[in-house]
Amino acid sequence: MQTNPPRILALGLIVGLVGLATSCGGGSGRPAGPPVPVFDTLRTVAGRLSYFTRGPVLTRRVDGRLDPDSVLTEPNLPRSAPLFPFQILAPDGTVLAEDRTDAAGRYSVRINFGPNPATQVRLRVEAQLNLPFGTVFRVLPDRFSGTPYSNQTVLLGDPDSERYDIDLEIALDDAAGAYHILDTLYEGIVKAKAGLLATPPNMDIIWAPGNGAASSLDTTSDPVRLTVAGGIAGLLASNTDEWDEPQLMRMLGEYLLRIFFAEVAPAPTDDATAPLLPSAAWREGFLDWWACEGRNSGEFWDTEGIGAAGRVIRYFKIESFFDPALGSLGPADPNVYQDPANVGLGSRFTVAEVLWDLHDFDAVGVDTGDNDGITFPLAQTIRFLETLDPGESYPWLFTIFDILTNPTVGALSPVQVNIILQFPEDQGFTYPGTPENGHLWPEPIFPEGETPNTPVQIGFNETFEGTVDTLTPDPVNIELGLTSQSYFILQTGGDSRITAQLTVGQDLTVEVLRLDNTLVASGQLQAVTQILPAGRYVIRVRGTTGNPQLEAFTIRVIIGA
């Protein structure tokens, strides 16, 4: 990476003046003496910036299955801290030079100390990344602080030496986690920016040991605010995320998804193995994929606790979520995420693996192992996703397929998409087409080109049929034709009075939502009437009573009634 040239300030220069006397009226002047020399003392100040880390020890049992009681280790060897801003300071605080460390965490600057070389200088570094495209990421101890973490060390040097060597190793208890967070996020944000046309916004990362066991992202603040869990003080078994590199990269994926790509999914269920709404599967699968893609590693792990109190709470290999040799030890075993039944349009694992397979060639074009022979430039996929309009798009896995197989793009054929869907794991469905006994999601309920604001039933007197499981309020498994919710896309061309009616019993309701899943209106007695401005909406049919039965329904949507 190109670095800015260091700014150098001299401690002091004694400039020799040439004494010159002249005579007046014929008097002779004193001859000029030799010039006073300029005393410059140039010194090289160089060294390395590094920080200590923790890392997981992923252990396996005798039968080869992953041991959930794998732990976070004590500090590993120091890791280089690349591209961090630093300053060389004089004893009085004067900035002698400032720059950034290189890709190996090293630095070297030339400083003019003037006539009196300092016997003491300081190296100071901040937990801040000044990214090459103008974005700034910094780590703060709390949201009220305007100053990032900083560390410094003092060097007592020999004024007669031509070189000052200054190394700084940041220990765990000196906020090393702040530098690890930025070091991890750097690779991912640079990789994403290669495809993004817009500039990523600045982000403040709030982290401190003991600041809580839950991480969160607030994209409404300025700068964007990411809170990284530092655990609960005094509780070694609590969750800390500053050392979990895949989890940190997953948080960066959420930053990208919310800011640049259309993201409409409701929160997933606590059961990570349950089928999801296809939009929720897209969201969770995208994040799982980016956790690996951003690090260029197909292995994901998330831990909680430290030392003997630590354990792995999630683990997978994205290339093939299921490994028959691993099996499953039950719900508490991380291997439960590798159940081969967890595939389909409602599966986060399908989304993650498909996205990985789409881009799984290395930098020189070598397939990483699935032998499907298909790859697509990551930057181009990111650019396509950036074009999704949150007001027009309701994204799920087929959304990216529709883009890539569009003749104007010419990227992939449906045949190639199906190769990806079948290798190395069969995802259980094909593209394009309707899954057997089910509906594609969401069903279009207002065909393009229909004239709005007319008192006729949408679809030229067509009705739409479906089945809802009234016992289960959330999951969707459209491959089996068994759903607890049915979704329809509604297009209006102008302010329209919309009536949606269900011909069912009392156990279902109908709702109208915006594309961000916010509720516009909820039907009473299986009907809803609402005036809707021009745009796209979602109509949802769902169970409301929790009775253990399947409820068949027919829906009619009328404009102007």
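Source: prediction; values computed, not measured.

*Asks:* Could you give me a rundown of the overall build of the protein, with the residues and numbers involved?
*Replies:* Helix and strand counts for the protein come out as seven helices and 31 strands. Taking all 561 residues of the protein together, the buried fraction comes to 50%. Of the contacts formed within the protein by residues at least 6 apart in sequence, a portion of 68% connects residues at least 24 apart. Entry remark: accessible area of the protein is about 24700 Å², with carbon and sulfur atoms responsible for 53%.

*Asks:* Break down the sheet that holds strand S10 (residues 136-140) for me, with residues and values.
*Replies:* Taken in spatial order, the five strands make up an open sheet running S9-S10-S14-S17-S16, and their pairing is mixed. Both outer strands of the open sheet, strand S9 (128-130) and strand S16 (216-218), are each paired with one neighbouring strand and no more. On average, each strand axis in the sheet is tilted by 15 degrees relative to the strand beside it, whichever way the strands run. Here three bridges tie S9 to S10, and the two strands are oriented antiparallel to one another. Its bridge partner lying in S10, glutamine 128 is registered against arginine 138. In the packing of helix H1 (residues 176-193) onto the sheet, contacts are made with S9, S10 and strand S14 (203-206), and the angle to S10 comes to roughly 160 degrees.

*Asks:* Outline the sheet that holds strand S30 (residues 535-543), listing residues and values.
*Replies:* Pairing within the open sheet is mixed, and its five strands lie in the order S21-S25-S30-S27-S28. Looking along the sheet, the strands with just one partner apiece sit at the ends: strand S21 (443-444) and strand S28 (519-522). Alignment of strand S27 (residues 508-513) against S28, held across three bridges, turns out to be antiparallel. Bridged to leucine 513 within S28 is leucine 519.

*Asks:* Describe in detail the side chain of glutamate 254, supporting the description with residues and values.
*Replies:* Summarising the element assignment, glutamate 254 is placed in helix H2 (residues 245-260). Excluding residues that lie within four positions of it along the chain, glutamate 254 makes contacts with Leu217, Arg283 and Leu287.

*Asks:* Describe the packing of H1 against H2, with residues and values.
*Replies:* One way to put it is that H1 packs onto H2 with a least axis distance of 9 Å and a crossing angle of 45 degrees. For the element pair H1 / H2, the angle class is oblique. The chirality of how H1 crosses H2 is right-handed. Along the contact surface, H1 presents His180, Ile181, Thr184, Leu185, Gly188, Ile189 and Ala192, while H2 presents Glu245, Leu248, Met249, Leu252, Tyr255 and Leu256.

*Asks:* Help me get a handle on the pairing of strand S1 (residues 42-51), residues and values and all.
*Replies:* Burial analysis of S1 places eight of its 10 residues in the buried class, the great majority of the element. Bridge count between S1 and strand S7 (residues 106-112): seven bridges; the pairing is antiparallel. Looking at S7, one finds that leucine 42 is bridged to asparagine 112. Pairing of S1 with strand S12 (residues 163-165) involves three bridges; the strand directions are parallel. Bridge pairing links alanine 46 to aspartate 165 in S12. In this sheet, strand S13 (residues 168-170) lies alongside S1 in parallel orientation, the contact comprising three bridges. The residue bridging tyrosine 51 from the neighbouring strand is isoleucine 170, located in S13. By the bridge criterion, two bridges tie S1 to strand S4 (residues 79-80) in an arrangement that is antiparallel.

*Asks:* Give a detailed account of the nonpolar core, specifying residues and quantitative values.
*Replies:* Within the largest apolar cluster, 111 residues are counted, with the highest numbers of intra-cluster contacts made by Ile88, Phe137, Ile205, Phe286 and Trp290. The contact partners of phenylalanine 286, leaving out residues within four places of it in the chain, are Gly253, Leu257, Phe261, Ala281, Val351, Leu355 and Leu385. Membership of the second largest hydrophobic core comes to 21 residues, among which are Ile498, Leu508, Ile539 and Ile555.

*Asks:* Which residues make up the confidence of the model for the protein, and what are the values?
*Replies:* Looking at the protein as a whole, its pLDDT mean stands at 79, while 75% of the residues score no less than 70. Within the model, pLDDT remains below 50 along residues 1-30, and this stretch shows 51 contacts once partners closer than five positions in the same chain are excluded. With pLDDT under 50 throughout, residues 267-272 is counted as low confidence; its partners more than four residues away or in other chains account for seven contacts.

*Asks:* Can you break down the pattern of salt bridges residue by residue, with the values?
*Replies:* Overall, the coordinates contain 18 salt bridges when judged by the stated rule. Arginine 536 serves as the salt-bridge partner of glutamate 392, at 4.0 Å between the closest nitrogen and oxygen. Here arginine 536 lies in strand S30 and glutamate 392 lies in the loop between helix H5 (378-386) and helix H6 (397-404), a separation of 144 residues in the sequence. One continuous salt-bridge network, built from bridges that share partners, spans Arg250, Glu254, Arg258, Arg283, Glu284, Asp288, Arg314 and Arg348.

What counts, and where the lines are drawn
- Residues numbered from 1 in each chain as written.
- Predicted model: local features only at pLDDT ≥ 70, side-chain atom pairs only at ≥ 80, totals over all residues.
- Heavy atoms only, no water.
- Helix = DSSP H or I, 4+ residues; strand = E, 2+ residues; numbered from the N terminus.
- Buried < 20%, exposed > 50% of the residue type's maximum accessible area, 1.4 Å probe, protein only.
- Contact = heavy atoms within 4.5 Å.
- Areas by Shrake-Rupley, 256 points an atom, 1.4 Å probe, with all protein chains shown as cover.
- Pairing = 2+ DSSP bridges.
- Axes fitted to C-alpha atoms, helices over the stretch in contact; angles between N-to-C directions.
- Parallel < 35°, antiparallel > 145°, perpendicular 65-115°, else oblique.
- Left-handed = near helix turned anticlockwise from the far one by under 90°.
- Core = buried A, V, L, I, M, F, W, Y, C linked by side-chain atoms within 4.5 Å.
- pLDDT = per-residue confidence, 0-100.
- Salt bridge = Lys/Arg side-chain N within 4 Å of Asp/Glu carboxyl O.

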